[in-house]
Amino acid sequence: MKLFDPFNLKGLELSSRIAMAPLTRRRANRAHDPVDCMATYYAQRANCGLIIAEGTSPSPNGVGYSNMPGLYTSHHVKLWKNITDSVHKSGGKIVLQIMHTGRIGHSNNLPDGARIIGPSAIAKKGDTTTYDLGKQPFTMPNEMGTDEVQTTIREFADCAKLAIQAGFDGIEIHSAHGYLPNQFLNQSSNKRKDQYGGNRENRIRFLLEVIQASIQAIGSEKVALRISPFSYADIDEDEGELIALYKMLAEELNQFNLSYLHLSHMGDAKPVKFELWKKLRSIYSGNLMLCGDFTKDTAELALQNGDADLIAFGRDFISNPDLVERLKNNWPLAERDRTHWYTQGPQGLTDYPVYNSMLHK
Ligand code: PHB
């Protein structure tokens, strides 16, 4: 078995090749402050190889979801430090996913003075939960000026710095699932006329500059990237165009000594996904993490075949704090019960039993 082997991630010693994927849990308070029960939640899961903490905004403009945490003030640093300390005390490793929601959000969820922004004034279809107005359609984004694009790049890098101050072992830039950097990559959400829109090279520019600025801030071995070429609700991008875009991106990424590249897929898997994943594996020379409903067997197979170096498990980590032990021992997994996935407080966050305690009841 490879899954349970230690792995050296650019100097960070992981106890196994199992990562906990970033999972939206919406436990932060209205000011987007992380709260204490999150320390318990992550510490309970610290025996996996690497925790990727939930998507966290680098900017007041990027907290488009209610109760999503942020990391852009010294107060946030203090609160997150409490969480990283509890993970480290439990022997774990934890990186922060930096997630700017861009156009996927609602203005009612933002702090005073912040605004919903995107590469172009094109609204995302669908709706989202708000603090005061119930479910609402996504807000029409304000098209970012070129200066604002550059300010936002700075915000990612500043957040990376704060993450290190807060005790994180590194960061993962979220450019998957339609969030801000992904909005620049896709033609359907990016109709810009400046150097950040138009041809592939221009649409990739925002992401590459975010990566470069983050590397300058904290060092390349602490910076990772998540992408999802075929997992983007609401948009029908041309398949051939996507393949060409992501091949170009993977080639560009070889110039950086990133911690890892994370390929994610949510929802129905298309056969083309697997072909592109293999293609990206052959182009990209660094560490590769895959995520998308893996089981112990399919994860092991991917590692044995050389398709990946690390495997991330997502939703199974919610109700199985001891997921690694359960996989190792072939114990059954607890059900995925969505009732408390996105509610407030510790219920459904920290109250899932480990398998052994159930045996001895
Ligand atoms: C979500 O909250 O639905 C969500 C957040 C981040 C993702 C994907 C989905 O990457």
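Refer to the structure above for everything that follows.
This one's a predicted model, so the numbers in the text were calculated from it and none came from an experiment.

Peer 1: Explain the overall build of the protein to me, please; I cannot follow it from the model alone.
Peer 2: Across its full length, the protein holds eleven helices and 14 strands. On C-alpha atoms alone, the protein measures out to a radius of gyration of 19 Å, which is about the 21 Å that the 2.2 N^0.38 rule sets for 361 residues. Expressed as lengths along the three principal axes of its C-alpha atoms, the size of the protein is roughly 65 × 45 × 35 Å. Counting every position in the protein, which comprises 361 residues, the buried fraction comes to 58%. Surface exposure of the protein reaches about 14,300 Å², of which carbon and sulfur atoms provide 49%. Looking at the protein, you have 40 positive and 41 negative side-chain charges, and the mean spots of the two groups are 1 Å apart.

Peer 1: How should I be thinking about the packing of helix α6 (residues 239-253) against helix α7 (residues 271-283) in this particular structure?
Peer 2: What describes two packed helices is the angle between their axes and the distance between those same axes. Axis separation between α6 and α7 bottoms out at 9 Å; the angle between their running directions is 20°. On the basis of their axis angle, the class for α6 and α7 is roughly parallel. For the element pair α6 and α7, the recorded crossing hand is right-handed. From α6, Glu 239, Ile 243, Tyr 246, Lys 247, Ala 250 and Glu 251 reach across to α7, where they touch Val 272, Leu 276, Lys 279, Leu 280 and Ile 283. Each residue belonging to the contact of α6 with α7 can be placed in one class, and the counts come to seven nonpolar, no polar and four charged.

Peer 1: Sorry if this is basic, but what is going on with the pattern of salt bridges here?
Peer 2: Pairs can form between side chains of opposite charge whenever their charged atoms are close. All chains considered together, the criterion is met by 14 salt bridges. Ionic pairing is found between Arg 315 and Asp 293, a salt bridge with its closest N-O pair at 3.2 Å. One end of the pair, Arg 315, is in the loop between β14 (310-313) and α9 (316-319); the other, Asp 293, is in the loop between β13 (288-291) and α8 (296-304), and 22 residues separate them in sequence. Residue class for Arg 315 comes out partly exposed when judged on its relative accessible area of 35%. Members of the salt-bridge network, linked through shared partners, are Asp 293, Arg 315, Asp 316 and Arg 336.

Peer 1: Looking at this model, I keep getting lost on the packing of helix α5 (residues 200-218) against α6. Mind explaining?
Peer 2: Contact geometry of α5 with α6 gives a least axis separation of 11 Å together with a crossing angle of 40°. When the axes of α5 and α6 are compared, the pair comes out oblique. For the pair α5 and α6, the crossing hand works out as right-handed. Along its contact with α5, which presents Arg 200, Glu 201, Arg 203, Ile 204, Leu 207, Leu 208 and Ile 211, the element α6 presents Glu 241, Ala 244, Leu 245, Met 248, Leu 249, Glu 252 and Leu 253. Classifying every residue of the contact of α5 with α6 by side-chain character gives nine nonpolar, no polar and five charged.

Peer 1: Quick question: what am I supposed to make of α5 here?
Peer 2: Residues that lie three or four places apart on an α-helix share one face, since the helix turns once every 3.6 residues. Over its 19 residues, α5 extends 27 Å from the first C-alpha to the last, a length consistent with the 27 Å expected when each residue adds 1.5 Å. Bending of α5 peaks at approximately 35° at the position of Phe 206. Restricting attention to buried positions, one finds in α5 the residues Asn 202, Arg 203, Ile 204, Phe 206, Leu 207, Leu 208, Val 210, Ile 211, Ala 213, Ser 214 and Ile 218. Packed against the buried residues of α5 are α3 (146-165), β10 (171-175), α4 (180-185), β11 (223-227) and α6. Just downstream of α5, Gly 219 is the residue with a positive phi angle, here 95°.

Peer 1: Just to check I follow, could you spell out the site of the ligand for this structure?
Peer 2: Residues in contact with the ligand, as listed here, are Thr 24, Tyr 65, Met 99, His 174, His 177, Tyr 179 and Met 266. One nitrogen or oxygen atom from the side chain of Thr 24 is found 2.8 Å from an oxygen atom belonging to the ligand. Measuring from an oxygen atom of the ligand, one finds a side-chain N or O atom of His 174 at 2.7 Å. Contact with the protein chains covers 77% of the free accessible surface of the ligand, which is 280 Å².

Peer 1: Whenever I open this one, the side chain of Gln 183 confuses me. Can you help?
Peer 2: Within the secondary structure layout, Gln 183 lies in helix α4. Judged by relative accessible area, which is 0%, Gln 183 ranks as buried. One polar contact links the side chain of Gln 183 to the main-chain carbonyl oxygen of Gly 178, over a distance of 2.8 Å.

Peer 1: I'm lost on the packing of aromatic side chains in this one. Help?
Peer 2: Ring pairs (aromatic) are described by centroid distance and by the angle formed between their planes. Counted under the stated rule, the structure contains nine aromatic pairs. Consider the rings of Tyr 41 and Tyr 42, whose centres lie 4.6 Å apart with planes at 55°: the pair is tilted. As far as burial versus exposure is concerned, Tyr 41 and Tyr 42 are alike and both buried. Pairwise contacts between aromatic rings join Phe 156, Phe 184, Tyr 196 and Phe 206 into one cluster.

Peer 1: Just checking my understanding: could you explain the pairing of strand β12 (residues 261-264) for this structure?
Peer 2: Moving residue by residue along a regular strand, the side chains alternate between the two faces of the sheet. Residues of β12 alternate between two faces, with Leu 261 and Leu 263 on one and His 262 and Ser 264 on the opposite face, all of them buried. As defined by bridge partners, β11 adjoins β12 across three bridges and the pair is classed as parallel. Pairing of Arg 226 across the sheet is with His 262, part of β12. As judged from the four bridges shared by β12 and β13, these two strands associate in the parallel manner. For Ser 264, the partnering residue across the bridge sits in β13 and is Cys 291.

So, how was this worked out
Residues numbered from 1 in each chain as written. Predicted model: local features only at pLDDT ≥ 70, side-chain atom pairs only at ≥ 80, totals over all residues. Heavy atoms only, no water. Helix = DSSP H or I, 4+ residues; strand = E, 2+ residues; numbered from the N terminus. Rg over C-alpha atoms; globule rule 2.2 N^0.38 Å. Buried < 20%, exposed > 50% of the residue type's maximum accessible area, 1.4 Å probe, protein only. Areas by Shrake-Rupley, 256 points an atom, 1.4 Å probe, with all protein chains shown as cover. Lys, Arg positive; Asp, Glu negative; His and termini not counted. Charge placed at Lys NZ, Arg CZ, Asp CG, Glu CD. Axes fitted to C-alpha atoms, helices over the stretch in contact; angles between N-to-C directions. Parallel < 35°, antiparallel > 145°, perpendicular 65-115°, else oblique. Left-handed = near helix turned anticlockwise from the far one by under 90°. Contact = heavy atoms within 4.5 Å. Nonpolar A, V, L, I, M, F, W, Y, C, P; charged D, E, K, R; others polar. Salt bridge = Lys/Arg side-chain N within 4 Å of Asp/Glu carboxyl O. Expected span 1.5 Å × (residues − 1). Bend = angle between axes of the 7 residues up to and from the residue. Near = heavy atom within 4 Å. Polar contact = N/O pair within 3.5 Å; in protein donor to acceptor, adjacent residues only side chain to side chain. Phe/Tyr/Trp six-rings, centres within 6.5 Å; stacked < 30°, edge-to-face > 60°. Pairing = 2+ DSSP bridges.

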